[in-house]
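Structure assessment
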Amino acid sequence: MKVGSTLIDFNGMLAGLRTWAREAGLLRGQRTRGIEHALTRLRNAVAHPVGYQRTTPVETARTLHDLAEFINQLWGRPTPGGRLYPVPVERDIVVMAWNDEGSVHMAHADSLHDDAGAEGFVYLLIRSASRPGSRLQDAHWSAFDARFETTQFPADYLWGPGSRSDALAWLKEQQPTGDTVDYIDRVFLLREHDGQLYPPMRPDVAAGLLPEEQGGTWHSVRADFPEHAFAHVRELNGTPRTHARTGDCICPAHHLSSGTHEEVVRTAEAVVGTITPRRPPAVQTPDTFLWPHRF
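Note that the structure is predicted; figures quoted are calculated from it, not measured.

1. Considerations on the pairing of strand 12 (residues 253-259)
By the criterion of burial, strand 12 is predominantly enclosed, with five of the seven residues buried. Here strand 10 (residues 217-223) runs beside strand 12; their pairing, made up of six bridges, is antiparallel. For H219, the partnering residue across the bridge sits in strand 12 and is S258.

Following this line, the structure appears as structure tokens:
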């Protein structure tokens, strides 16, 4: 079978069709690669059974839901509330606040108008998918870092840290709004230097690093979540025979390249398009240091 100028071996089986769909860009997401393989095996077990298995109605319903998402995606339609091929997430303007005692809180930015009694807190404004009342919660929202990708879903730095009155003044002047963002198949750049693996970065942030911050070995990885990219690169050194340095891996990550800073930025640009270097401030929340140890 032919995709563009690439020829793909096809044996008429479901696994071959699935490989073609991936190459043709009909299927997306790195975490779902393994699930697609499992669905193929489930189909084969039903179509060519040796004995039979019983399962619960809940598991059956989830399998049917996954198959419905699979069909939707083949026709170019992500599924609202989907587990495998979801629609882009909605983000809103969120305020994070913390004090010297280590208490970290999150709320809608509008809550700043009602927070006159809070003393000793520092405030930070971000655009985030994790917010009160949202169906989608980011388990790592409190580990926000303006330079590294330490939250589960993309979060953008807007202002801070500073006082409540300054935060309100900035909101009044700038009037930022929410948006939607697709978190599937993101590209992350990771740096290894002096025996340390740094958390993933967005390509534009990595491209904005100063020359003295570009040393070491760099990796470009496609993954849905930053912890998947981090775990993949970490395991390249620990169990290199089971983690691929080229193409799809057994883990939910796709290794794009390794090399110098300039080389991996070029690789990322070939995937995501033109990269405009960006240098956000070095802003961290008190929980950021926990990020590499949470899994």
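So much for the structure itself; the text now carries on.
2. Overview of unusual backbone geometry
Here the residue pair G160 and P161 is connected by a cis peptide bond, since its omega of -5° sits within 30 degrees of zero. Mapped onto the fold, P161 is located in strand 6 (residues 156-162). Of note, D185 is a non-glycine position whose phi angle comes to about 60°, a positive value. Turning to its location among the elements, D185 is positioned in the loop between strand 7 (179-181) and strand 8 (186-193). Phi at D194 takes a positive value of approximately 55°, unusual for a residue other than glycine. By the secondary structure assignment, D194 is in the loop between strand 8 and strand 9 (196-197).

3. Some remarks on the confidence of the model for the chain
Mean pLDDT over the chain: 85, with 88% of residues reaching 70 or higher. Ranking the elements of the chain by mean pLDDT puts strand 11 (residues 247-248) last with 70 and helix 5 (residues 203-207) first with 97.

4. What about a nonpolar patch on the surface?
A grouping of M1, F10, L14 and L17 is seen on the molecular surface, where their side chains present a nonpolar patch of about 310 Å² in accessible area. Looking at the element boundaries, L17 is found in helix 1 (residues 14-23). For L17, a relative accessible area of 39% gives the class partly exposed.

5. Brief notes about the environment of A68
Following the sequence through the fold, A68 ends up in helix 3 (residues 57-74). Spatially, the C-alpha atom of A68 lies 8.7 Å from that of T79, the residues being eleven residues apart in sequence.

Each value, and the rule that gives it
Residues numbered from 1 in each chain as written. Predicted model: local features only at pLDDT ≥ 70, side-chain atom pairs only at ≥ 80, totals over all residues. Heavy atoms only, no water. Buried < 20%, exposed > 50% of the residue type's maximum accessible area, 1.4 Å probe, protein only. Helix = DSSP H or I, 4+ residues; strand = E, 2+ residues; numbered from the N terminus. Pairing = 2+ DSSP bridges. pLDDT = per-residue confidence, 0-100. Patch = residues over 30% accessible without salt bridge, like charges linked within 9 Å, V, L, I, M, F, W, Y side chains within 5 Å. Areas by Shrake-Rupley, 256 points an atom, 1.4 Å probe, with all protein chains shown as cover. Salt bridge = Lys/Arg side-chain N within 4 Å of Asp/Glu carboxyl O.

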